[in-house]
Amino acid sequence: MKNMIIFSTLILLFQVALYNCNAEKCDLKGKWKNELGSNMTISDTDKNGYFIGSYLTAVTTHTDVEIKKSPISGVILPSSQPIFAFHVKWTFSDSITTFTGQCFVDSSGERLETMWLLKATARSSDDNWASTRVGSNVFRRLI
Ligand code: BTN
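Draft legend 1. Fine view of the layout of surface pockets. Taken as a whole, the largest pocket spans an internal volume of roughly 250 Å³. Lining the largest pocket are 17 residues, and of these Thr57, Val59, Trp90, Thr97 and Leu118 sit closest to its centre. Looking at which element gives the most residues to the lining of the largest pocket, the answer is strand β6 (residues 95-106), with three residues. Its residues placed into classes, the lining of the largest pocket shows eight nonpolar, nine polar and no charged.

If you want it as structure tokens, here you go:
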């Protein structure tokens, strides 16, 4: 009976350790790809949760531009399944996208569930109503 209790306790501790191990993996650092085929790379997070990175979108609202890598700046609130926000300042377009989301871990790995707002520069206040798009993206870790 005593051995049984020790064994069960060890199994429980192992599961907790495994859970924490997976949870810690949700740190955003690395390469990610979303369902549109866009890629982003997020570098180290500093002690306050701020991070930088780069984004290569697979799609654009423009028909006549060459897509280029664009810088990311963001912040993460550390927890086992952290929430985060970042923006992309597009280098080939007059727009900015903000993303907010949360990192979840499932059997196939880490998943960033995000929602975004894409604001283009409106020519005038009268045109402003048409200058914001909204959507969602799910990112999976590449590396
Ligand atoms: C632009 O077209 O003005 C800049 C590129 C915008 C790309 C958007 S941002 C939200 C969505 N998710 C992506 O990976 N790409 C598009």
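Draft legend 2. Quick look at the pairing of strand β1 (residues 30-34). With four bridges joining them, β1 and strand β2 (residues 39-45) adopt antiparallel strand pairing. Residue pairing across strands places Lys33 opposite Asn39, the latter belonging to β2. Hairpin geometry of β1 and β2 is characterised by an intervening segment of four residues between the two adjacent antiparallel strands and by a positive phi of about 95° at Gly37. By the bridge criterion, three bridges tie β1 to strand β8 (residues 132-141) in an arrangement that is antiparallel. The residue of β8 that forms the bridge with Asn34 is Phe139.

Draft legend 3. Summary view of the packing of aromatic side chains. This model, assessed by the stated rule, comprises eight aromatic pairs. Relative to Phe99, the ring of Phe86 lies with its centre 4.7 Å away and its plane at 20°, an arrangement referred to as stacked. A residue pair is termed long-range when its members are at least 10 positions apart, and Phe86 in strand β5 (residues 83-89) and Phe99 in strand β6 qualify at 13 residues. Judged by its relative accessible area of 3%, Phe86 falls in the buried class. Residue Phe99 is classed as buried on the basis of its relative accessible area of 3%. Each residue in the set Phe51, Tyr55, Phe84, Phe86, Trp90, Phe92, Phe99 and Phe139 is aromatic and connected to the rest through ring pairs, giving one cluster.

Draft legend 4. Structural view of the nonpolar core. Counting 20 residues, the largest nonpolar core has Met40, Tyr55, Phe86 and Leu112 as the members making the most contacts within it. Of all the elements in the fold, those that place two or more residues in this core are β2, β3 (50-56), β4 (70-77), β5, β6 and β7 (109-120). Apart from the residues lying within four places of it in its own chain, the contact partners of Leu112 are Leu28, Trp32, Met40, Phe84, Gln102, Cys103, Asn137, Val138 and Phe139.

Conventions adopted
- Residues numbered from 1 in each chain as written.
- Predicted model: local features only at pLDDT ≥ 70, side-chain atom pairs only at ≥ 80, totals over all residues.
- Heavy atoms only, no water.
- 1 Å grid on protein atoms, 1.4 Å probe; cavity = no way out; pocket = protein on both sides within 12 Å on 5 of 7 lines; lining within 4 Å.
- Points joined across faces, edges and corners; volume = space filled by probe spheres on them.
- Helix = DSSP H or I, 4+ residues; strand = E, 2+ residues; numbered from the N terminus.
- Nonpolar A, V, L, I, M, F, W, Y, C, P; charged D, E, K, R; others polar.
- Pairing = 2+ DSSP bridges.
- Phe/Tyr/Trp six-rings, centres within 6.5 Å; stacked < 30°, edge-to-face > 60°.
- Buried < 20%, exposed > 50% of the residue type's maximum accessible area, 1.4 Å probe, protein only.
- Core = buried A, V, L, I, M, F, W, Y, C linked by side-chain atoms within 4.5 Å.
- Contact = heavy atoms within 4.5 Å.

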